[in-house]
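Chain by chain, the residues:
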Amino acid sequence: MSDMDKGGGRFGGKDGGKDGKGDKGGRRGFFRRRRVCKFCVDKIDYINYKDVKTLAPFIPERGKIQPRRISGVCATHQRALQTAIKRARQIALIPYVTD
Amino acid sequence: MSTVRQYELIYITPAETTEQALADLHTQVAGIVERFGGTIEKTENWGRRRLAYEIGREREGVYVLEVINAPGAVTAELDRRLRVFDNVIRHMIVRVDEELAIADRARQNRKDSMAKRRVRRGLPPEPTEGERHRREDDDDDMEGGLEHGFRAGGDR
């Protein structure tokens, strides 16, 4: 917390000296978490199950639904996303599993 | 009579289905819907698409979407009939009116509250072009800040 006086440091973290993408950021992409809900930011009220393009970012290679602790989606939208993905799976727009 | 609701019906036929067969299928569906006093609002043929996984022996299929306004009893009948047709390899009926209404309400609420906020600050209710761009820049800053703060604090 040595850098609390650094102007604009909203959260003043330990490694506040580094900006945005520090050396840690590249670690197998694990820390590239979006902390904001994409659907809230883009103001999407209805997550359409027919639109594979909006669903695709939330389906990792394996075909599972990405947990919101990783994607940063808010609870409301994660619930809607979940039903949308499950519907899309039923009509073979999205795989259930991929090996 | 019972209330009319909106449903979306999607069905998939094998890739080699002829135009004629598709038209027949559509009239069959339309017939069932009419019998229950409903209407078909929209029909969309998505054409051939690759299936995400094999259904039976099919790897590709023709997708058809029908938006139906009809009482709830149609779903059971459509379900029953579509299961019997052998040139329908998969179908799904989803009720959409409630979800769309919720989405509409959310959109309206957001618009209203934004207008209210803006009026309280003595601004016109609708944002102007210039403002919109500036706001997007702010958002970007915020995102960066949040990301960084999270990494610092939330490391396991």
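Note that the structure is predicted; figures quoted are calculated from it, not measured.

Undergrad: Would you take a moment to explain unusual backbone geometry for this structure?
TA: What is expected of a backbone is that most residues other than glycine have negative phi and most peptide bonds are trans. Residues and elements named next belong to chain A. Non-glycine residue lysine 43 carries a positive phi angle of around 55°. By the element assignment, lysine 43 lies in the loop between α1 (38-41) and α2 (52-55). Judged by relative accessible area, lysine 43 falls into the partly exposed class, the value being 42%. Not every positive phi belongs to a glycine, and alanine 92 is a case in point at roughly 60°. Position of alanine 92 among the secondary structure elements: in the segment after α4 (75-90). By relative accessible area, which is 0% here, alanine 92 ends up buried.

Undergrad: Would you mind going over the side chain of threonine 13 of chain B with me for this structure?
TA: All names here are of chain B. Among the secondary structure elements, threonine 13 is positioned in strand β1 (residues 4-14). By relative accessible area, which is 0% here, threonine 13 ends up buried. Separated by 3.2 Å, the side chains of threonine 13 and threonine 17 make a polar contact. Once you skip the residues sitting within four places of it in the chain, threonine 13 turns out to touch Leu22, Leu25, Gly61, Val62, Asn87, Val88 and Ile89.

Undergrad: So what exactly am I meant to see when it comes to the sheet that holds strand β4 (residues 90-95) of chain B here?
TA: Spatial strand order, β2-β3-β1-β4 (chain B): four strands in an open sheet with antiparallel pairing. Two strands bound the open sheet, and with one partner strand each, they are β2 (39-55) and β4 of chain B. Strand after strand, the sheet turns through a mean of 20° between neighbouring axes, direction not considered. The pairing of β1 of chain B with strand β3 (residues 58-71) of chain B spans 11 bridges and is classified as antiparallel. Pairing of valine 4 of chain B across the sheet is with proline 71 of chain B, part of β3 of chain B. Along the sheet, α4 of chain A makes contact with β2 and β4 of chain B, crossing β4 of chain B at roughly 150°. Its contacts with the sheet put helix α1 (residues 19-35) of chain B on β1, β2 and β3 of chain B, and the angle it makes with β2 of chain B is roughly 130°.

Undergrad: What's the story with the nonpolar core in this structure? I'm lost.
TA: Most often, soluble globular proteins keep nonpolar side chains buried together rather than apart. By size, the foremost hydrophobic cluster in this structure holds 28 residues, and its most contacted members are Phe39, Tyr49, Leu55, Leu81 and Ile91 of chain A together with Tyr63 of chain B. Elements that contribute at least two residues to this core include exactly α4 of chain A together with β1, β2, β3 and β4 of chain B. Among the elements that line this core, the one with the most residues is α4 of chain A, at four residues. In this structure, Leu25, Val64, Val74 and Phe85 of chain B belong to the second largest nonpolar core, which totals 16 residues.

Undergrad: What is the right way to read the pairing of β3 of chain B from this model?
TA: Looking down a regular strand, the side chains alternate between one sheet face and the other. All names here are of chain B. Of all 14 residues in β3, 12 are buried, a share of seventy percent or more. Relative to β3, β2 runs antiparallel, the two being bridged by 11 bridges. Across the sheet, residue arginine 50 finds its bridge partner in β3, namely glutamate 60.

Undergrad: What is the right way to read the packing of aromatic side chains from this model?
TA: Pairs of aromatic rings are described using the distance from one ring centre to the other and the angle between the two planes. This model, assessed by the stated rule, comprises three aromatic pairs over all chains. The interplanar angle of 50° and the centroid separation of 5.4 Å between the aromatic rings of tyrosine 96 of chain A and tyrosine 53 of chain B together place this pair among those described as tilted. One end of the pair, tyrosine 96 of chain A, is in the segment after α4; the other, tyrosine 53 of chain B, is in strand β2, on a second chain. Taking the relative accessible area as the measure of exposure, tyrosine 96 of chain A reaches 41% and is therefore partly exposed. When the centroid spacing of 5.7 Å and the interplanar angle of 15° are considered together, the rings of tryptophan 46 of chain B and tyrosine 63 of chain B count as stacked. With tryptophan 46 of chain B in strand β2 and tyrosine 63 of chain B in strand β3, this pair connects stretches of sequence that are 17 residues apart. By relative accessible area, which is 23% here, tryptophan 46 of chain B ends up partly exposed. For the cation-ring pair, lysine 38 of chain A lies above phenylalanine 39 of chain A, with the distance from its terminal atom to the ring centre recorded as 5.3 Å.

Undergrad: Would you explain the packing of α1 of chain B against helix α2 (residues 73-84) of chain B in this entry?
TA: Helix packing geometry: the angle between the two helix axes and the distance between the axes. All names here are of chain B. The N-to-C vectors of α1 and α2 enclose an angle of 150°; their axes lie 10 Å apart at closest approach. Taken together, the axes of α1 and α2 are roughly antiparallel relative to one another. Once α1 is placed against α2, the crossing between them reads as right-handed. On the side of α1, the interface is formed by Gln28, Val29, Ile32, Val33 and Arg35, while α2 contributes Val74, Glu77, Leu78 and Arg81. When its residues are assigned to classes, the contact of α1 with α2 shows five nonpolar, one polar and three charged.

Conventions we followed
Residues numbered from 1 in each chain as written. Chains lettered and ligands numbered in written order. Predicted model: local features only at pLDDT ≥ 70, side-chain atom pairs only at ≥ 80, totals over all residues. Heavy atoms only, no water. Helix = DSSP H or I, 4+ residues; strand = E, 2+ residues; numbered from the N terminus. Buried < 20%, exposed > 50% of the residue type's maximum accessible area, 1.4 Å probe, protein only. Polar contact = N/O pair within 3.5 Å; in protein donor to acceptor, adjacent residues only side chain to side chain. Contact = heavy atoms within 4.5 Å. Pairing = 2+ DSSP bridges. Axes fitted to C-alpha atoms, helices over the stretch in contact; angles between N-to-C directions. Core = buried A, V, L, I, M, F, W, Y, C linked by side-chain atoms within 4.5 Å. Phe/Tyr/Trp six-rings, centres within 6.5 Å; stacked < 30°, edge-to-face > 60°. Lys NZ or Arg CZ within 6 Å of the ring centre and 35° of its normal. Parallel < 35°, antiparallel > 145°, perpendicular 65-115°, else oblique. Left-handed = near helix turned anticlockwise from the far one by under 90°. Nonpolar A, V, L, I, M, F, W, Y, C, P; charged D, E, K, R; others polar.

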